[in-house]
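The residues making up each chain are set out below.
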Amino acid sequence: MEMTLLLNSTYEPLRVLHWQKAITLLWQGKVEVLEVYDRQIHGISISIKLPSVMRLLKLVKLKDSHRAVKFSRINIFTRDGYCCQYCRHKFRTEELTFDHVVPIAKGGRKTWENIVTACWRCNNRKSGRTPEEANMRLMKKPVKPRWSPTVTITIGIRNTPESWRDYLYWNLELDADPAEP
């Protein structure tokens, strides 16, 4: 059954809801429906089109823990621009790994400030040493990213509905219209 994209009152994506929870919020008067599916649900005396996108009427303030960027392999690669921090070349995801700047055996920890993107070749070359010991220089000092939470929203379904596009991808640069000079 269809899922519903829930937006904050500021139009920021918050989460994806099951259609039943979406209908509950609608009946409680907490949301407005912005987009609907072609499909309807029927009661004894009422028919309602299933909501595709809804917006909360009141602002929900997110705790800082909800705004934090998840510490994950893909977010490390994204922070580093899919670029090996030692040889400075760009690679595809499957050609990358992550490296502990200070190895675990030498007291290094699994933190944003101690993990960088590395290609397999550089990671093997550095091995269990610090960059100084391996005579390798980091491209830049690793830091915890401060991205917007809307950039890190994860949708748990395979294909996002077309009706969600205007609400999820608003922060991407649009290609120029090929008909324009």
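Sequence order as written defines the numbering, with residues in each chain counted from 1. With pLDDT at 70 or above as the cut-off, local features in this predicted model cover only qualifying residues; side-chain atom pairs require 80 or more to be listed or tallied, and sums for whole chains, interfaces and linings still use all residues. Here the side-chain values reflect all heavy atoms present in the structure, with hydrogen atoms and water set aside.

The protein chain carries the name HNH endonuclease in an unreviewed UniProt entry, which gives Nitrospira defluvii as its organism.

1. Section: the pattern of salt bridges
Rules: Definition used for salt bridges: Asp or Glu carboxyl oxygen within 4 Å of a side-chain nitrogen of Lys or Arg. Helix numbering and strand numbering both begin at the N terminus, where a helix is a DSSP run of H or I of at least 4 residues and a strand a DSSP run of E of at least 2. Whether a residue is buried, partly exposed or exposed follows from its accessible area with a 1.4 Å probe, protein chains only, as a fraction of its type maximum: under 20%, in between, or over 50%, in that order.
For the structure on display, the rule yields 6 salt bridges. With a shortest N-O distance of 3.8 Å, R39 and E2 are connected by a salt bridge. Of this pair, R39 sits in strand β3 (residues 31–42) while E2 sits in the segment before β1 (3–7), and the two are 37 residues apart along the sequence. Note that D80 and R79 form a salt bridge whose closest N and O atoms lie 2.8 Å from each other. For the pair shown, D80 and R79 are each scored as buried.

2. Comments concerning the side chain of R55
We count it as follows: Whenever two N or O atoms come within 3.5 Å, that pair is a polar contact, provided that in protein one can donate a hydrogen and the other can accept it, and provided that, for residues adjacent in sequence, both atoms are side-chain atoms. Contacts were defined at the residue level, with two residues in contact if any of their heavy atoms lie within 4.5 Å.
The topology assignment puts R55 in strand β4 (residues 47–56). A relative accessible area of 15% places R55 in the buried class. One polar contact links R55 to Y11, side chain to side chain, over a distance of 3.4 Å. In terms of polar contacts, R55 uses its side chain to reach the side chain of E32, at 2.6 Å. Those residues in contact with R55 that lie beyond four places of it in its chain are L7, N8, S9, Y11, K30, V31, E32 and L34.

3. Some remarks on the state of the cysteines
Heads up, the rule is: Any pair of cysteine sulfurs within 2.5 Å is marked as a disulfide.
Enumeration over the complete set of coordinates arrives at 0 disulfides. The closest cysteine sulfur to the non-disulfide-bonded C87 is located on C84, 3.7 Å from its own sulfur. Overall, C87 belongs to the partly exposed group, its relative accessible area being 23%. Of all cysteine sulfurs, the one in C122 lies closest to C119, which takes part in no disulfide; the gap is 3.6 Å.

4. Description of the confidence of the model for the protein chain
Formally: For every residue, the pLDDT score states the predictor's confidence, bounded by 0 at the bottom and 100 at the top.
On average, residues of the protein chain score 84 in pLDDT, and 82% of them reach the 70 mark or higher. In this model residues 170–181 is a low-confidence stretch, pLDDT under 50, and it forms 3 contacts with partners more than four residues away in sequence or in other chains.

5. Focus: the sheet that holds β3
In plain terms, the rule: Two strands are said to pair when DSSP picks up at least two bridges between them. To define axes, lines are fitted to C-alpha atoms, for helices over the stretch in contact only, and angles between the resulting N-to-C directions are given on a 0 to 180 degree scale.
The 4 strands lie next to each other as β2-β1-β4-β3, forming an open sheet whose pairing is mixed. With partners counted over all chains shown, the strands left at the sheet margins are β2 (13–18) and β3, one partner each. The sheet shows a mean angle of 30° between the axes of neighbouring strands, taken without regard to direction. Pairing of β1 with β4, which is carried by 3 bridges, proceeds in the parallel orientation. The partner of L5 across the bridge, within β4, is V53.

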